[in-house]
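Examination of the molecular architecture
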Amino acid sequence: MSVNKEIKRITTHILQEMKNRGEKIAMLTAYDYSMASIVDDAGIDVILVGDSASNVMAGHETTLPITLDQMIYHASSVVRAIKRSLVVVDLPFGSYQGNSKEALNSAIRIMKESGAHSVKMEGGVEIAESVSRILAAGIPVMGHLGLTPQSIYKFGTYTVRAREEAEAHKLREDALKLQDLGCFSIVLEKIPAKLAKEVSESLAIPTIGIGAGQHCDGQVLVIHDMLGLNKGFRPRFLRQYANLYDVMSTGIQNYIKDVKSKDFPNEKEQY
Ligand code: KIV
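Keep in mind that this is a model prediction, so the values were computed, not measured.

A short note on the pairing of strand E5 (residues 141-146)
Of all the six residues making up E5, six are buried; the element is thus mostly covered by neighbouring parts of the structure. Of the pairings in the sheet, the one linking strand E4 (residues 118-122) to E5 comprises four bridges and is parallel in character. Within E5, the residue paired with Val 119 across the bridge is Val 141. Running through helix H6 (residues 128-136), the crossover from E4 to the neighbouring parallel element E5 is right-handed.

Below, the structure written as structure tokens:
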């Protein structure tokens, strides 16, 4: 008798069902094949190919330098690894702010050339036309409000956003606008937990929080941060689940020691 080993893939509809029944959504970033295989096999719901690749993979100070071609490279490596997760890819800075035609072309390139399932875009009403056009092409869009790192030079700092009522008011309006346009979900980054709760409860679509408290419908973290690969990065919102920096460093130091002492390779490790 053959066992049906078919894996049920996560879709945007499944995420909506999860919100409807109160089941939290778990999302993590990944940028390459090996890491994405581990994350997918572990059972994550959503993999975000974030433009944080600009920081953690390329060593840039901000997310601004990463290009559309580089995002497509990372996304296609991730897509080759996954069996179950929904893959969301960030539209990088400069690939959608110009006009809605440019935005649509960028989103189409990501979908066609990487095989990903959806795109994420930072901003609210100001990008409404682009979001509509991409959605009209059949491409699912995840919004991103609050601390939007592509606007870091406007903010001037990575501190919590929307503490003031004027900014909180705009965020509420933006969230409703993105939902009305047809976004399937919205990331809320670094905003007060109370505001994130209010927004999450006011929306039918799921919110995914990072530094936005426990009431979001799901959570996202950058994988390098939560696995402790980013030495020294310990913001309050981050829970570190492993210390891979030390694990890897010890392994590498042991390898160097074994090579230098001529212990590696031994007779069993040669032909
Ligand atoms: O690029 C990224 O990793 C992100 C998350 C922090 C939400 O946008």
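After that view, the rundown keeps rolling.
As for the environment of Arg 172
Locating Arg 172 in the fold gives a position in helix H8 (residues 165-181). Classification of Arg 172 by relative accessible area gives partly exposed; the value is 24%. Linking Arg 172 and Arg 80, residues 92 residues apart in sequence, is a C-alpha distance of 37 Å. Setting aside residues up to four positions removed in sequence, Arg 172 forms contacts with Glu 165, Leu 195, Glu 198 and Val 199.

Some details on the nonpolar core
Membership of the largest hydrophobic core comes to 59 residues, with the highest contact counts inside it found for Ile 134 and Leu 188. The greatest single-element share of this core, amounting to seven residues, is contributed by helix H4 (residues 68-81). Setting aside residues no more than four positions away along its own chain, Leu 188 makes contact with Leu 145, Leu 171, Ala 196, Val 199, Ser 200, Thr 207, Ile 208, Gly 209, Ile 210, Ala 212 and Cys 216. Counting 16 residues, the second largest nonpolar core, distinct from the first, contains Ile 25, Leu 86, Ile 208 and Val 220.

Some words on the pattern of salt bridges
It is possible for side chains of opposite charge to pair when their charged atoms get near one another. All chains considered together, the criterion is met by 14 salt bridges. Close ionic contact of Lys 120 with Asp 90 constitutes a salt bridge, the shortest N to O distance being 2.7 Å. In this pair, Lys 120 is assigned in strand E4 and Asp 90 in strand E3 (residues 86-90), connecting sequence segments 30 residues apart. With relative accessibility at 2%, the residue Lys 120 sits in the buried group. Of the residues examined, Asp 90 reaches a relative accessible area of 2% and is grouped as buried. What emerges from the salt-bridge pattern is a single network uniting Asp 69, Arg 109 and Glu 113.

A closer look at the site of the ligand
The full set close to the ligand counts 13 residues, and Gly 50, Asp 51, Ser 52, Asp 90 and Lys 120 are the nearest of them. At 2.5 Å, a side-chain N or O of Ser 52 approaches an oxygen atom of the ligand. At 3.1 Å, a side-chain N or O of Asp 90 approaches an oxygen atom of the ligand. When the ligand sits alone it has 260 Å² of accessible area, and the protein chains cover 95% of it.

Cut-off values and rules
- Residues numbered from 1 in each chain as written.
- Predicted model: local features only at pLDDT ≥ 70, side-chain atom pairs only at ≥ 80, totals over all residues.
- Heavy atoms only, no water.
- Buried < 20%, exposed > 50% of the residue type's maximum accessible area, 1.4 Å probe, protein only.
- Helix = DSSP H or I, 4+ residues; strand = E, 2+ residues; numbered from the N terminus.
- Pairing = 2+ DSSP bridges.
- Right-handed = clockwise from strand over helix to strand, strands pointing away.
- Contact = heavy atoms within 4.5 Å.
- Core = buried A, V, L, I, M, F, W, Y, C linked by side-chain atoms within 4.5 Å.
- Salt bridge = Lys/Arg side-chain N within 4 Å of Asp/Glu carboxyl O.
- Near = heavy atom within 4 Å.
- Polar contact = N/O pair within 3.5 Å; in protein donor to acceptor, adjacent residues only side chain to side chain.
- Areas by Shrake-Rupley, 256 points an atom, 1.4 Å probe, with all protein chains shown as cover.

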